[in-house]
Amino acid sequence: MSEPISHADIQKTMLQQQKAEQRKKQLLNLVLLVLLLVAPAVLYPVFLMKILCFALFAVAFNLLLGFTGLLSFGHAAFLASGAYTTGYLLSTYPGLSTEMGILAGTAAATVLGFCFAVVAIRRQGIYFAMITLALAQLVFFFFVQSEFTGGEDGLHGVPRGYLFGFIDLSNNLAMYYFVLAVFLGGYLLVQRIVGSPFGQVLKAIKQNEARTVSLGYNVNLYKLLAFVMSAGLAGLAGSVKTVVFQLASLGDAQWHTSGEVILMTLLGGTGTLLGPVIGAAFVVNLEYQLSQGPLGDWVDAILGAIFILTVIAFRSGIVGEVQKFMRKNLG
């Protein structure tokens, strides 16, 4: 007759599993870091920077959708608000440092995210999604009609300037490693958030909001904080993107940009840390490859077909499906 398993043995097993998961995350982070550090030796740095900017945008969006269960159709507004704020300040005030311009753009997106959240956060499901879309369209029309945004022409010739006063960001390699540092900072921040007690509450809200309320948590406050943090990180992505390409355009504020980040997140795998990064790299690279060939006019249609296929055939996304395969075949 086998001996009963004690509570201490169960706790010990759970602790070992947590340590194993932590080691896997650290190893994955290390592999990702090494690949990104050597990537400029193989690929064009500006193209890599575009991937990193959209990867940060997708990681920010995934904090809201993948870990909190809130589907926003208006995240392009935060990307664009960060982009326009940074572009305007750096173009208008030559003495302003690049890092201060980026921080200002991030702050503007954070404030806008708070305004969105106050209006939308008490709604759920399709109502929440439609409110965010409507608010984002209001922001889009504001950008179209405002003089400081350049209207339909956008802002061009935004200076990259110097980082900390001495690092020349006009050098693409220096700019790349700055963008990489920003991306890694945002990625690790989201990883820390979702692994914290705060993140566990967000996951509980996604799984069963009513039960989370019954446990005494102020669900609306948690959702508001998650929305504001997601908006701030999206604004950071937009600010850095403006410095990289030295322009801010209406394309950042249009509704299809919100659709693209949803596709990136779903394709990579919602609720996973690496999924949005993989999804962003896939979509950005696919758009580039298609635009160079005879299918350039069919980019939107092809992305739409991929979106439908993802929702119907493999809803866990690329990373989610890989994780399922590994659990099934590797124990």
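Just above, that's the structure.
One structure accompanies this document, and this report is about it.

Procedures and definitions
Each residue is numbered by its place in its chain's sequence as written, counting from 1. For this predicted model, a pLDDT threshold of at least 70 governs which residues receive local features, and a threshold of 80 or more governs which side-chain atom pairs are given and counted, while totals over whole chains, interfaces and linings are taken from all residues. Water and hydrogen atoms were dropped before computing side-chain values, which therefore reflect all heavy atoms in the structure. Here a strand is any run of E in DSSP of at least two residues, a helix any run of H or I of at least four, and the numbering for each starts at the N terminus. Our radius of gyration is a C-alpha quantity, and the globule rule it is checked against amounts to 2.2 Å times the number of residues to the power 0.38. Relative accessibility decides the category of a residue: with a 1.4 Å probe and only protein chains considered, values under 20% of the type maximum give buried, values over 50% give exposed, and everything between is partly exposed. Contacts are residue-level and defined by heavy atoms, with any inter-residue pair within 4.5 Å sufficient. Using the Shrake-Rupley algorithm and a 1.4 Å probe, accessible areas are obtained, with residue cover drawn only from the displayed protein chains. Each axis is a line fitted through C-alpha atoms, taken for helices only over the stretch in contact, and angles between the N-to-C directions span 0 to 180 degrees. Each crossing is labelled by how the near helix is turned from the far one, with a counterclockwise turn of less than a right angle marking it left-handed and a clockwise turn marking it right-handed. Angles are sorted into four bins: roughly parallel if under 35 degrees, roughly antiparallel if over 145, roughly perpendicular if 65 to 115, and oblique for all others. In this classification, the charged set is Asp, Glu, Lys and Arg, the nonpolar set is Ala, Val, Leu, Ile, Met, Phe, Trp, Tyr, Cys and Pro, and all remaining amino acids, among them Gly, are polar. Cavity means a closed set of points on a 1 Å grid over the protein atoms alone, one where a 1.4 Å probe fits but cannot get out, pocket means an open set with protein on both sides within 12 Å along at least 5 of 7 lines, and lining means a residue has an atom within 4 Å of a point. Grid points are joined across faces, edges and corners, and a volume is the space filled by probe spheres set on the points. We define a nonpolar core as any set of buried Ala, Val, Leu, Ile, Met, Phe, Trp, Tyr and Cys residues linked to one another through side-chain atoms lying within 4.5 Å. Contacts described as polar in this section are N or O atom pairs within 3.5 Å, which, within protein, must combine one atom able to donate a hydrogen with one able to accept it, while residues neighboring in sequence count only if both atoms come from side chains. Salt bridge, as applied in this entry: a Lys or Arg side-chain nitrogen positioned within 4 Å of an Asp or Glu carboxyl oxygen.

**Here's the deal with the overall build of the protein chain**
Helix and strand counts for the protein chain come out as 13 helices and 4 strands. At 21 Å, the protein chain has a C-alpha radius of gyration in line with the 20 Å of a compact globule built from 331 residues. Considering only C-alpha atoms, the protein chain reaches an extent of 80 × 45 × 45 Å along its principal axes. Burial statistics for the protein chain: of 331 residues in total, 47% are counted as buried. Put simply, 75% of the contacts in the protein chain that link residues at least 6 apart link residues at least 24 apart. Carbon and sulfur atoms form 65% of the exposed surface of the protein chain, whose accessible area is close to 17200 Å².

**Description of the packing of helix α4 (residues 98-120) against helix α9 (residues 219-245)**
Describing two packed helices takes the angle between their axes plus the distance from one axis to the other. At their nearest, the axes of α4 and α9 sit 7 Å apart, and the two run at 145 degrees to each other. In terms of crossing hand, the pair formed by α4 and α9 is right-handed. Along the contact surface, α4 presents Thr-98, Ile-102, Gly-105, Thr-106, Ala-109, Thr-110, Gly-113, Phe-114, Phe-116, Ala-117 and Val-118, while α9 presents Leu-224, Phe-227, Val-228, Ala-231, Gly-232, Gly-235, Leu-236, Ser-239, Val-240 and Val-243.

**Some points on the packing of helix α2 (residues 45-68) against helix α6 (residues 172-195)**
Running from amino to carboxyl end, α2 crosses α6 at an angle of 15 degrees, the nearest separation of the two axes being 9 Å. The angle between the axes of α2 and α6 places the two elements in the roughly parallel class. Seen from above, α2 lies across α6 with left-handed handedness. Residues Pro-45, Val-46, Leu-48, Met-49, Leu-52, Cys-53, Ala-55, Leu-56, Val-59, Leu-63 and Phe-67 of α2 form the contact with α6, whose own contacting residues are Asn-172, Met-175, Tyr-176, Val-179, Leu-180, Val-182, Phe-183, Gly-186, Tyr-187, Val-190, Ile-193 and Val-194. Residues that form the contact of α2 with α6 fall into these classes: 21 nonpolar, 2 polar and no charged.

**Let's talk about empty space enclosed by the protein**
The method is simple in principle: a probe with the dimensions of a water molecule rolls over the atoms, and the space it marks as empty is what remains. Considering all chains together, one arrives at 1 cavity of 30 Å³ or more under this definition. Space inside the largest cavity adds up to approximately 30 Å³. Taken together, Leu-52, Cys-53, Leu-56, Val-179, Val-182, Phe-183, Ala-237 and Val-240 form the lining of the largest cavity. Those elements that place two or more of their residues in the lining of the largest cavity are α2, α6 and α9. Looking at the lining of the largest cavity, its residues break down into 8 nonpolar, no polar and no charged.

**Observations concerning the nonpolar core**
Counting residues in hydrophobic clusters, the biggest one holds 97 residues, and the most contacted among them are Phe-116 and Phe-183. In terms of residues, this core owes the most to one element, α2, which gives 19 residues.

**A look at unusual backbone geometry**
Of note, the phi angle at Gln-246 is positive, near 60 degrees, even though the residue is not glycine. For Gln-246, the position within the fold is in the loop between α9 and β4 (247-248). We classify Gln-246 as partly exposed; its relative accessible area is 33%.

**A look at the side chain of Ser-146**
Structurally, Ser-146 can be placed in the loop between α5 (125-145) and β1 (155-156). Judged by its relative accessible area of 11%, Ser-146 falls in the buried class. Reaching out from Ser-146, the side chain makes a polar contact with the backbone oxygen of Phe-142 at a distance of 2.5 Å.

**Comments concerning the side chain of Ser-81**
Here Ser-81 shows up in helix α3 (residues 76-92). Judged by its relative accessible area of 7%, Ser-81 falls in the buried class. Within the structure, the side chain of Ser-81 is placed 3.0 Å from the backbone oxygen of Phe-78, a separation counted as a polar contact. Beyond its immediate sequence surroundings of up to four residues, Ser-81 is in contact with Ala-109, Leu-112 and Phe-143.

**Some details on the pattern of salt bridges**
Scanning all chains against the criterion turns up 2 salt bridges. The partner of Lys-223 in a salt bridge is Glu-209, with the nearest N and O atoms 3.3 Å apart. Taken together, the residues Lys-223 in helix α9 and Glu-209 in helix α8 (residues 209-214) connect sequence positions 14 residues apart. Residues Lys-241 and Asp-252 are paired through a salt bridge, measuring 2.8 Å at the closest nitrogen-oxygen approach. In this pair, Lys-241 is assigned in helix α9 and Asp-252 in the loop between β4 and α10 (255-268), connecting sequence segments 11 residues apart. Exposure remark for Asp-252: the relative accessible area of 6% places this residue in the buried category.

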